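One letter stands for each residue in the lines below.
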Amino acid sequence: MEYHKIVLIHRILVSLFLLHYVVKGYFLIADKKETLAGYTAKTKIAEMVLSALFLASGIYLVAAGPALSMLMYIKLALVFASIPLAIIGFKKGNKILAIIAILFLIAAYGLAEISAKHYKKEDKKPVDTSNITSGPVAVGQDIYKAKCLDCHGAKGDAGLAGAKNLRITQLTDDQIKDVIHNGRPGMNPFPAIEEDQLNGLVAYIRTLK
Ligand code: HEC
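All values reported here derive from a predicted model rather than from experimental measurement.

Peer 1: With reference to specific residues and values, describe the pattern of salt bridges.
Peer 2: What the rule picks out here adds up to 6 salt bridges. When the shortest N-O distance is used, the salt bridge between D31 and K95 registers 3.2 Å. Within this pair, whereas D31 is found in the loop between α1 (3-29) and α2 (33-42), its partner K95 is found in helix α5 (residues 95-122), the two being separated by 64 residues in sequence. Look at D31 and you get partly exposed, because its relative accessible area is 48%. According to the relative accessible area criterion, K95 is partly exposed, its value standing at 29%. Between D157 and R167 there is a salt bridge; the shortest N-O distance is 3.3 Å. In this pair, D157 is assigned in the loop between α7 (149-152) and α8 (173-182) and R167 in the loop between α7 and α8, connecting sequence segments 10 residues apart.

Peer 1: Can you explain the site of the ligand? Please cite residues and give values.
Peer 2: In the neighbourhood of the ligand, 21 residues make up the surrounding shell, with C148, C151, H152, R184 and M187 lying closest. Contact distances for the ligand include 3.5 Å between an oxygen atom and a side-chain N or O atom of K164. Measuring from an oxygen atom of the ligand, one finds a side-chain N or O atom of T169 at 2.6 Å. Contributions of two or more residues to the shell around the ligand are made by α7 and α8. Counted by class, the shell around the ligand contains 13 nonpolar, 5 polar and 3 charged residues.

What counts and how
Residues numbered from 1 in each chain as written. Predicted model: local features only at pLDDT ≥ 70, side-chain atom pairs only at ≥ 80, totals over all residues. Heavy atoms only, no water. Salt bridge = Lys/Arg side-chain N within 4 Å of Asp/Glu carboxyl O. Helix = DSSP H or I, 4+ residues; strand = E, 2+ residues; numbered from the N terminus. Buried < 20%, exposed > 50% of the residue type's maximum accessible area, 1.4 Å probe, protein only. Near = heavy atom within 4 Å. Polar contact = N/O pair within 3.5 Å; in protein donor to acceptor, adjacent residues only side chain to side chain. Nonpolar A, V, L, I, M, F, W, Y, C, P; charged D, E, K, R; others polar.

Pasting the structure below:
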């Protein structure tokens, strides 16, 4: 399965896991002890499966993906700290620990979102190519703006989620086309981009140097 699909699955699992813990946290704080016990018993197996898949997909993403950023390390630390806190908090009915665990999870979720958006905002200023109006470079630029900007940035070196710096790429034209067509860990494939458009993208990437 492709990396970006695992990212999507991981995000869904994380959202479900978080929602589940917000519900449990609510029952605990509202002193609905029996409701909490019933809910916990009913969701026990689902929670085990969910957390196993959540951890497995996360480990895969870290292992197969690009180098981790500082924000991602903090995120991982928050997630791993929240696990024992949640276990002890819910077992002992300790509201403070349970709340801290849930806040850690929410913070981790927020950090992942922030690190994604941060880059997008930073590097959305378009490159000045007012002198280029037609030819392969113009074709490439249009596609680049629509499909590559979010990760690689306007100048090719934004590096969102470990996106490689296109200004210093050592790849040949054919290798670049292959990466675009088939994707890489952290980069979704673009099988629908046609040959002349691929050539345009290569031509445009070469102008970023
Ligand atoms: C979702 C984010 C994302 C998008 C969108 C994206 N890329 Fe990437 N790209 C990456 C990541 C991450 C890598 C590094 C993968 C690796 O570790 O090999 C990469 C690597 C590359 C490389 C390889 C560079 C090298 O030197 O190895 C090329 C070429 C490239 N991307 C071109 C493009 C083009 C062209 C587009 C638009 C059609 C695009 N990318 C869209 C994230 C993205």
